[in-house]
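# Chains, contacts and geometry: an overview
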Amino acid sequence: QVRLVESGGGLVQAGGSLRLSCAASGRTFSTYAMGWFRQAPGKEREIVAAISRGGGTTYYADSVKGRFTISRDNAKKTVPLQMNSLKPEDTAIYYCAADSSLAYRNYPRKSVYDYESWGQGTQVTVSS
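Let us look at the structure shown here. What you see is a predicted model; the values in this text were computed from it and never measured.

## Re the pattern of salt bridges
- Under the defined criterion, the tally for this structure stands at six salt bridges.
- Here D90 and R38 are joined by a salt bridge, their closest N and O atoms 2.9 Å apart. One end of the pair, D90, is in the loop between β8 (81-83) and β9 (92-99); the other, R38, is in strand β4 (residues 33-39), with 52 residues separating them in the sequence.
- Linking R67 and D90 is a salt bridge whose minimum nitrogen-to-oxygen distance equals 2.8 Å. Here R67, found in the loop between β6 (58-60) and β7 (68-70), pairs with D90, found in the loop between β8 and β9; they are 23 residues apart in sequence, far enough to count as distant. The same class applies to R67 and to D90, which are both buried.
- Where salt bridges share partners, they join R38, E46, R67 and D90 into one cluster.

The structure is reproduced here in structure tokens:
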């Protein structure tokens, strides 16, 4: 398993930007597909973006496509999430997650049930 720690959350006005980061520990980080999820109050946790182990394949939820960018640095063991043009509906706790499945390491998955390692989350609040 890999240990994940998120950072970079905060309060921002609508239209602003935030950059979240996920720091991972463990020697096998580069073999994991990684994902960012979010959970708003009273709602289920949902996928925001995901990236394959090498970074060559990414997935974005329709709601963030064109505004958010996921990347990874396997040498530094980090997974940044750049969030631009933020909207009040982006308000949520954002979680970083790791999928250790060898079969899907090049094809990031979208379900919360496919990820077995999770960070503690970081709060993002977008004011109108």
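Additional details are given in the paragraphs that follow.
## Thoughts on the pairing of strand β5 (residues 46-51)
- Of all six residues making up β5, five are buried, and the element is well covered by its neighbours.
- The sheet contact formed by β4 and β5 spans five bridges and is antiparallel. Considered in β5, the bridge of M34 is made with I51.
- From the end of β4 to the start of β5, which pair antiparallel, there are six residues, and G42 there has a positive phi angle of about 75°.
- Taken together, the three bridges between β5 and β6 define a ladder with antiparallel strand orientation. Of the residues in β6, the one forming a bridge with I51 is T58.

## Concerning the side chain of T122
- Following the sequence through the fold, T122 ends up in strand β11 (residues 122-127).
- In this structure the side chain of T122 is engaged in a polar contact, spanning 3.2 Å, whose partner is the backbone nitrogen of G9.
- Ignoring any residue separated from it by four or fewer positions in sequence, one finds T122 in contact with E6, S7, G8, G9, L20, A92, I93 and Y94.

Rules of the game
- Residues numbered from 1 in each chain as written.
- Predicted model: local features only at pLDDT ≥ 70, side-chain atom pairs only at ≥ 80, totals over all residues.
- Heavy atoms only, no water.
- Salt bridge = Lys/Arg side-chain N within 4 Å of Asp/Glu carboxyl O.
- Helix = DSSP H or I, 4+ residues; strand = E, 2+ residues; numbered from the N terminus.
- Buried < 20%, exposed > 50% of the residue type's maximum accessible area, 1.4 Å probe, protein only.
- Pairing = 2+ DSSP bridges.
- Polar contact = N/O pair within 3.5 Å; in protein donor to acceptor, adjacent residues only side chain to side chain.
- Contact = heavy atoms within 4.5 Å.

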